[in-house]
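Working through the structure, step by step
So you can see what is in the structure, the chains are spelled out below.
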Amino acid sequence: MNTQTEKAAMGDRILEKQILGSRRFSNYFWATTITIGGVGFLLAGLSSYLGQNLLPFADPSQLIFLPQGLVMGLYGTAAILLATYLWLVVIWDLGGGYNRFDQETGEIEIFRWGFPGKNRRVEFNCNRSQVQSIRVDLKEGLSPRRALYLKLKDRREIPLTRVGQPMALSELENDGAQLAKFLQVPLEGL
């Protein structure tokens, strides 16, 4: 499944790219894993405290509460708090949104979901005449970075790609070239 799907509407006059936010498989996997582990540790700590087995696959009621049971309960509580944060990030779809480029009106709209509150909707709008170029940012090494930026004439650079796992180089080049051609601006950084 492609993480950035494209939609062309009204005969190639509008280019819209959906941006995958935090609703990705890895976040679901880690939230689920940490939830299960946290509940297990918390139940082990409670079993030790109560002297009654609350787990079907082990008998932690035989553990001495101080310090083993207490530490397991604290680990479980910390894991459940972390899992709650991860589940909220997935539910809120942080970073998800779209990039919309309208050739007919010249309008560009960049939209992302943020944390709940008065700034939940992160929107940026500008006109095509303000765009200087599309910049490709490539950094290899231990922490690789591959991203596209909308470079404006006032020197601001607006990120267009998802946060997290770097895009494939071929996908980055294709998306950058397609967008530069669509907006009729140069492509920098390759």
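Residues numbered from 1 in each chain as written. Predicted model: local features only at pLDDT ≥ 70, side-chain atom pairs only at ≥ 80, totals over all residues. Heavy atoms only, no water.

With respect to helix α2 (residues 65–92)
Our working rule: Labels follow the DSSP assignment, with helices taken as runs of H or I lasting at least four residues and strands as runs of E lasting at least two, numbered in each case from the N terminus. To estimate the expected span of a helix, count its residues, drop one, and scale the result by 1.5 Å. Only protein chains enter the accessibility calculation, which uses a 1.4 Å probe. A residue is then buried if its area is under 20% of the maximum for its type, exposed if over 50%, and partly exposed in between. It only takes one pair of heavy atoms within 4.5 Å for two residues to be counted as in contact.
Compared with an ideal rise of 1.5 Å per residue, which puts 28 residues at 40 Å, α2 spans 38 Å between its outermost C-alpha atoms and is within 8% of the ideal. Turning to α2, its buried residues are G69, G73, G76, A79, A83, L86, V89 and V90. Residues of α2 that are buried sit in contact with α1 (25–50). Directly beyond the C-terminal end of α2, a positive phi value near 55 degrees is found at D93.

Concerning the packing of aromatic side chains
Put simply, the rule is: Here the aromatic set is Phe, Tyr and Trp, taking the six-membered ring for Trp, and pairing holds for ring centres within 6.5 Å; pairs whose planes are under 30 degrees apart are stacked, those over 60 apart are edge-to-face, and all others are tilted.
Taken as a whole, this structure holds 8 aromatic pairs when the rule is applied. With a centroid separation of 6.2 Å and an interplanar angle of 80 degrees, the aromatic rings of F41 and Y75 are classed as edge-to-face. Remark: Y75 occurs in helix α2 and F41 occurs in helix α1; sequence separation between them is 34 residues. For F41, a relative accessible area of 37% corresponds to the partly exposed category. Judged by its relative accessible area of 53%, Y75 falls in the exposed class.

Considerations on the nonpolar core
Quick note on the threshold: Residue types Ala, Val, Leu, Ile, Met, Phe, Trp, Tyr and Cys, when buried and joined through side-chain atoms within 4.5 Å, form a set referred to as a nonpolar core.
Among the nonpolar cores identified, the biggest contains 21 residues, and F101, I108, I134, L150, L160 and L183 are the most heavily contacted of them. Breaking this core down by element, the ones donating at least two residues are β4 (107–113), β5 (121–127), β6 (131–139), β7 (145–152) and α3 (169–183). No other element matches the 5 residues that α3 contributes to this core.

Thoughts on the UniProt feature "transmembrane region" (unreviewed entry) in the protein
Stated precisely, the cut-off is as follows: UniProt positions are given in the numbering used here, feature names are shortened, and annotations may be inferred rather than shown by experiment.
Taking the numbering used here, the UniProt-annotated feature "transmembrane region" (unreviewed entry) corresponds to residues 28–50 and 70–92. End-to-end, the C-alpha atoms of residues 28–50 are 32 Å apart, and along that stretch the chain is 100% helix and 0% strand. Between the end C-alpha atoms of residues 70–92 there is a gap of 33 Å, over a span that is 100% helix and 0% strand.

Regarding the environment of G38
Mapped onto the elements, G38 comes out in helix α1. For the pair G38 and L82, spaced 44 residues apart in the sequence, the C-alpha separation amounts to 9.0 Å.

Quick look at the sheet that holds strand β8 (residues 157–159)
Short version of the rule: At least two DSSP bridges between two strands are needed for those strands to be called paired.
Across the sheet, which stays open at both edges, the 4 strands sit in the order β8-β7-β6-β9 with mixed pairing between neighbours. This sheet does not close on itself; its edge strands, each paired only once, are β8 and β9 (187–188). Here 2 bridges tie β6 to β9, and the two strands are oriented parallel to one another. Directly across from I134, in β9, lies its bridge partner L187.

Structural notes on the layout of surface pockets
Applicable threshold: Cavities and pockets were defined on a 1 Å grid built over protein atoms only: a cavity is a set of grid points that admits a 1.4 Å probe from which the probe cannot escape, a pocket is an open set flanked by protein on both sides within 12 Å along at least five of seven lines, and lining residues are those with an atom within 4 Å of any such point. Grid points are joined across faces, edges and corners, and a volume is the space filled by probe spheres set on the points. Throughout this entry, Asp, Glu, Lys and Arg are counted as charged residues, while Ala, Val, Leu, Ile, Met, Phe, Trp, Tyr, Cys and Pro are counted as nonpolar. The remaining residues, Gly among them, count as polar.
Considered as a void within the structure, the largest pocket measures approximately 450 Å³ in volume. Mapped onto the lining of the largest pocket, the elements with two or more residues apiece are β4, β5, β7 and β8. Per element, the largest residue contribution to the lining of the largest pocket is 4 residues, and it comes from β7. Each residue belonging to the lining of the largest pocket can be placed in one class, and the counts come to 14 nonpolar, 7 polar and 6 charged.

What to know about the pairing of β7
Two faces make up the sheet, and in a regular strand the side chains alternate between them. For β7, the tally of buried residues reaches 6 of 8 residues, placing the bulk of the element in the interior. Hairpin connection between β6 and β7: a loop of 5 residues separates the two successive antiparallel strands, and G141 in this loop has a positive phi of roughly 125 degrees. Two strands pair when backbone bridges link them, and β7 and β8 are joined in this way by 3 bridges, in the antiparallel orientation. Bridging across to β8, L150 finds its partner in I158. The loop that links β7 with its antiparallel partner β8 comprises 4 residues; one of these, R155, has a positive phi angle of about 75 degrees.

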